[in-house]
Amino acid sequence: MLEELKEASEYIIKKIKEEDPLILELEEFARIHNVPIVTKEVAKYLEFMIKTHNVKNVLEVGTAIGYSGILMARLIEKNGGVLTTIEIDEERFNQAKENFAKAGLNNVKMILGDATCEIEKLDDNFDFIFIDASKGQYKKFFEDSYKMLNDRGIVFIDNIMFRGYLYKEYPKRFKTIVRKLDEFIDYLYENYDFTLLDFGDGVGLVYKTK
Ligand SMILES: C[S@@+](CC[C@H](N)C(=O)[O-])C[C@H]1O[C@@H](n2cnc3c(N)ncnc32)[C@H](O)[C@@H]1O
């Protein structure tokens with residue numbers, strides 16, 4: 001979450017009353033085990049985008065334990081849609097598999113592997129792409145997947161402003177990631193229908209037009 005907007009975000013998060021036991025269980029699991037999952041207000045926005053854009057097939061880069069995957073797969077199930085989701089970490093992949101089963105979802109195609117190679121192997125079309133994995137590879141994930149995005153499709157990029165480090169002091173070890181994300185934002189503004197939202201940890205949206 002961007003520190004500057006912490007109070008506003010906390011206010012929004014408090015307003016969201018979650019009652020789904022599985023979602024609550026996953027949020028608790030993620031908190032205890034330090035698994036990074038999409039923040040609550042961003043999750044709501046993600047769902048909102050999927051509901052309002054007639055989305056059928058979704059590609060997710062970065063499954064973790066299946067939290068955002070469950071939210072998306074539930075929504076697209078009604079349209080006969082499939083979620084394809086890629087995770088590099090085997091333990092998380094297995095946890096996500098269990099969680100998708102607990103959610104009773106049969107419309108999830110899970111891929112265990114590095115998305116820097118796995119996306120290229122896909123031969124699918126998507127209405128919506130959710131990028132939420134290693135930030136240093138965002139441009140590659142974007143370029144590899146954008147080719148498979150249908151017209152009027154959306155790419156939703158989470159954490160694109162990386163804790164605000166793109167515009168304020170940051171620990172030296174993040175120098176390369178910060179530079180890459182900053183250049184990626186310029187590249188998106190220059191070449192695509194792109195907008196940058198300063199909420200959550202920064203959300204980037206790309207809309208595909210013919
Ligand atoms: C922020 S978490 C994803 C959270 C998930 N989308 C959610 O909100 O529930 C990022 C995940 O991406 C995975 N990841 C990182 N680099 C990856 C890569 N190159 N290919 C596939 N997965 C990757 C990490 O192991 C981690 O589980």
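Just so you know, these numbers come straight off a predicted model, no measurement behind them.

### Description of the overall build of the protein
- Looking only at helices and strands, the protein has eight helices and seven strands in total.
- Radius of gyration (C-alpha) of the protein: 16 Å, near the 17 Å computed for a compact globule of 210 residues.
- Along the longest, intermediate and shortest principal axes, the C-alpha atoms of the protein span 45 × 40 × 35 Å.
- Residues counted as buried form 49% of the 210 residues belonging to the protein.
- Excluding contacts between residues fewer than 6 apart, the proportion of contacts in the protein whose partners are at least 24 apart in sequence is 71%.
- Accessible surface for the protein amounts to roughly 11000 Å². Of this, 48% is attributable to carbon and sulfur atoms.
- Averaging the coordinates of the 30 positive side-chain charges in the protein and doing the same for the 38 negative ones gives two points 1 Å apart.

### Concerning the packing of aromatic side chains
- Per the counting criterion, the structure on display carries 16 aromatic pairs.
- Residues Y45 and F156 carry aromatic rings whose centres are separated by 5.8 Å and whose planes lie at 45 degrees to one another, so their mutual orientation is tilted. Of this pair, Y45 sits in helix α3 (residues 40–52) while F156 sits in strand β5 (residues 149–158), and the two are 111 residues apart along the sequence.
- Summarising the aromatic geometry, the rings of F162 and Y165 are spaced 5.3 Å apart at their centres and angled 80 degrees between planes, so their arrangement reads as edge-to-face. Residues F162 and Y165 agree in their burial class; the two are buried.
- Through a chain of ring-to-ring contacts, the aromatic side chains of Y138, F141, F142, Y146, F184, Y187 and Y192 assemble into a single cluster.

### With respect to the packing of α3 against helix α4 (residues 67–77)
- At a minimum axis distance of 10 Å, the contact between α3 and α4 shows a crossing angle of 25 degrees. Compared by their axis directions, α3 and α4 come out roughly parallel. Every pair of crossing elements has a handedness; the one defined by α3 and α4 is right-handed. Taking contact as the criterion, the partners of K40, A43, L46, E47, I50 and K51 in α3 are, on α4, Y67, S68, L71, M72, L75 and I76.
- Class assignment of the residues belonging to the contact of α3 with α4 gives a composition of eight nonpolar, one polar and three charged.

### Some details on the sheet that holds strand β1 (residues 58–61)
- As summarised here, the arrangement of the seven strands in space is β3-β2-β1-β4-β5-β7-β6, forming an open sheet in which the pairing is mixed. In this open sheet, the two edge strands, each paired with only one partner strand, are β3 (108–112) and β6 (193–197). When the angles between neighbouring strand axes are averaged without regard to direction, this sheet yields 15 degrees.
- As paired elements, β1 and strand β2 (residues 83–87) share four bridges and run parallel to each other. Residue V58 lies in a different strand from β2, and its bridge partner there is L83.
- Contacts from helix α7 (residues 138–146) reach β1, β4 (126–131), β5 and β7 (203–207), with the element oriented near 165 degrees to β5.
- In the packing of helix α8 (residues 175–191) onto the sheet, the strands contacted are β5, β6 and β7, and the crossing angle to β6 comes to about 135 degrees.

### Digging into the environment of K135
- For K135, the position within the fold is in the loop between β4 and α7.
- Along the sequence, K135 and E77 sit 58 residues apart, while their C-alpha atoms lie 29 Å from each other.
- Those residues in contact with K135, other than ones at most four positions away along the chain, are N159, F162, I177 and L181.

About the thresholds
Residues numbered from 1 in each chain as written. Predicted model: local features only at pLDDT ≥ 70, side-chain atom pairs only at ≥ 80, totals over all residues. Heavy atoms only, no water. Helix = DSSP H or I, 4+ residues; strand = E, 2+ residues; numbered from the N terminus. Rg over C-alpha atoms; globule rule 2.2 N^0.38 Å. Buried < 20%, exposed > 50% of the residue type's maximum accessible area, 1.4 Å probe, protein only. Contact = heavy atoms within 4.5 Å. Areas by Shrake-Rupley, 256 points an atom, 1.4 Å probe, with all protein chains shown as cover. Lys, Arg positive; Asp, Glu negative; His and termini not counted. Charge placed at Lys NZ, Arg CZ, Asp CG, Glu CD. Phe/Tyr/Trp six-rings, centres within 6.5 Å; stacked < 30°, edge-to-face > 60°. Axes fitted to C-alpha atoms, helices over the stretch in contact; angles between N-to-C directions. Parallel < 35°, antiparallel > 145°, perpendicular 65-115°, else oblique. Left-handed = near helix turned anticlockwise from the far one by under 90°. Nonpolar A, V, L, I, M, F, W, Y, C, P; charged D, E, K, R; others polar. Pairing = 2+ DSSP bridges.

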